[in-house]
Amino acid sequence: MNLPAASGRGILTELIFYSPQVAGNLPIEIKVIGLLLMFVPFLFSCQKEKRIKQNKTRVGFNFKKTAFQKVINGKKTNLYFLKNHNHVQVAITNYGARIVGILTPDRNWHFADIVLGHDSLGGYLSGTDNYFGAIIGRYSNRIAKGTFKLDGKTYHIPINDPPNSLHGGTKGFDSRIWDVRQLNDQNLLLTCNIPTFT
């Protein structure tokens, strides 16, 4: 039987997926290393929980949900939160499907928001060049002179970065109000129906 070479990270990955019959044929050194490596995440996990309980610097986001609630062209904007088992939190607004905050710990489990952005929807609405955290599209970067050909047909699109069209033009994905369905604490579904070249 040919077993994979014991090199670097592959040994752990492969050992975990071996059936008991195959693992039984591995040299004892590989079994011991594999067993130790399987317990390392458990030990770090215990230490992590201890640090989180002891850490008094854990804070929330520096903005409020109400600062992102508004009605624009008959559609409501809001702020949504996701979190995982590692206590990382993400704040997303449906205005441009933007990530407006990620609260994550450093190696000492001091939490901080690591996203560059604004503390309210107003900051995103007032900027002319404001793509912080947004979904970019229908295309990213510039289309020269706002003109392109597709299947022999020439299209002219709005110019918002003279003399070019940038990141979807004047009404790109970043300035749309997306429909939202919060599936659970870890999943958010954002959808947007966009007519052709608007």
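Here the structure is a predicted model, which means the values were calculated and not measured. (Residues numbered from 1 in each chain as written. Predicted model: local features only at pLDDT ≥ 70, side-chain atom pairs only at ≥ 80, totals over all residues. Heavy atoms only, no water.)

Draft legend 1. Quick peek at the sheet that holds strand β6 (residues 111-113). Strand order in the open sheet formed by four strands is β3-β4-β5-β6, with antiparallel pairing between adjacent strands. Lying at the two open borders of the sheet, with one neighbouring strand each, are β3 (79-83) and β6. Adjacent strand axes in the sheet meet at a mean angle of 15 degrees, parallel and antiparallel pairs treated alike. Strand direction decides the pairing type here: β3 and strand β4 (residues 89-93), joined by five bridges, are antiparallel. Across the sheet, residue Tyr80 finds its bridge partner in β4, namely Ile92. (Pairing = 2+ DSSP bridges. Helix = DSSP H or I, 4+ residues; strand = E, 2+ residues; numbered from the N terminus. Axes fitted to C-alpha atoms, helices over the stretch in contact; angles between N-to-C directions.)

Draft legend 2. Fine view of the environment of Tyr95. As for its position among the elements, Tyr95 is in the loop between β4 and β5 (98-105). Given the relative accessible area of 8%, Tyr95 is considered buried. Along the primary structure Tyr95 and Ile135 are separated by 40 residues, whereas in three dimensions their C-alpha atoms are 9.6 Å apart. In contact with Tyr95, not counting residues within four places along its chain, are Ile72, Thr77, Leu121, Tyr124, Leu125, Asp174, Ser175, Arg176 and Ile177. (Buried < 20%, exposed > 50% of the residue type's maximum accessible area, 1.4 Å probe, protein only. Contact = heavy atoms within 4.5 Å.)

Draft legend 3. Molecular detail of the environment of Gly169. Residue position: Gly169 is located in the loop between β10 (165-166) and β11 (179-184). Considered as a pair, Gly169 and Asn141 are 28 residues apart in the sequence and their alpha carbons are 10.0 Å apart. Setting aside anything within four residues of it in sequence, one finds Gly169 in contact with Tyr139, Pro158 and Asn160.

Draft legend 4. Broad picture of the packing of aromatic side chains. Scanning all chains against the criterion turns up seven aromatic pairs. On the basis of an interplanar angle of 15 degrees and a centroid distance of 5.3 Å, the ring pair of Phe148 and Tyr155 is categorised as stacked. Consider the rings of Phe173 and Trp178, whose centres lie 6.0 Å apart with planes at 90 degrees: the pair is edge-to-face. Exposure remark for Phe173: the relative accessible area of 21% places this residue in the partly exposed category. With a relative accessible area of 12%, Trp178 lands in the buried category. (Phe/Tyr/Trp six-rings, centres within 6.5 Å; stacked < 30°, edge-to-face > 60°.)

Draft legend 5. Main features of the pairing of strand β12 (residues 187-191). As defined by bridge partners, β11 adjoins β12 across five bridges and the pair is classed as antiparallel. Residue pairing for β12: Gln182 is matched across the bridge by Leu188. Between the antiparallel neighbours β11 and β12 lie two residues.

Draft legend 6. Up close: the pattern of salt bridges. Tallied over the full model, the rule gives two salt bridges. One salt bridge in this structure joins Lys75 and Asp179, with 3.0 Å as the shortest N-O distance. Within this pair, whereas Lys75 is found in strand β2 (residues 75-77), its partner Asp179 is found in strand β11, the two being separated by 104 residues in sequence. Lys75 sits in the partly exposed class, given a relative accessible area of 32%. A relative accessible area of 39% places Asp179 in the partly exposed class. The salt bridge partner of Asp161 is Arg142, with a shortest N-O separation of 2.8 Å. Of the two residues, Asp161 sits in the loop between β9 (153-156) and β10 while Arg142 sits in strand β7 (residues 142-143), which places them 19 residues apart along the sequence. With relative accessibility at 23%, the residue Asp161 sits in the partly exposed group. The partly exposed category is assigned to Arg142, whose relative accessible area is 46%. (Salt bridge = Lys/Arg side-chain N within 4 Å of Asp/Glu carboxyl O.)

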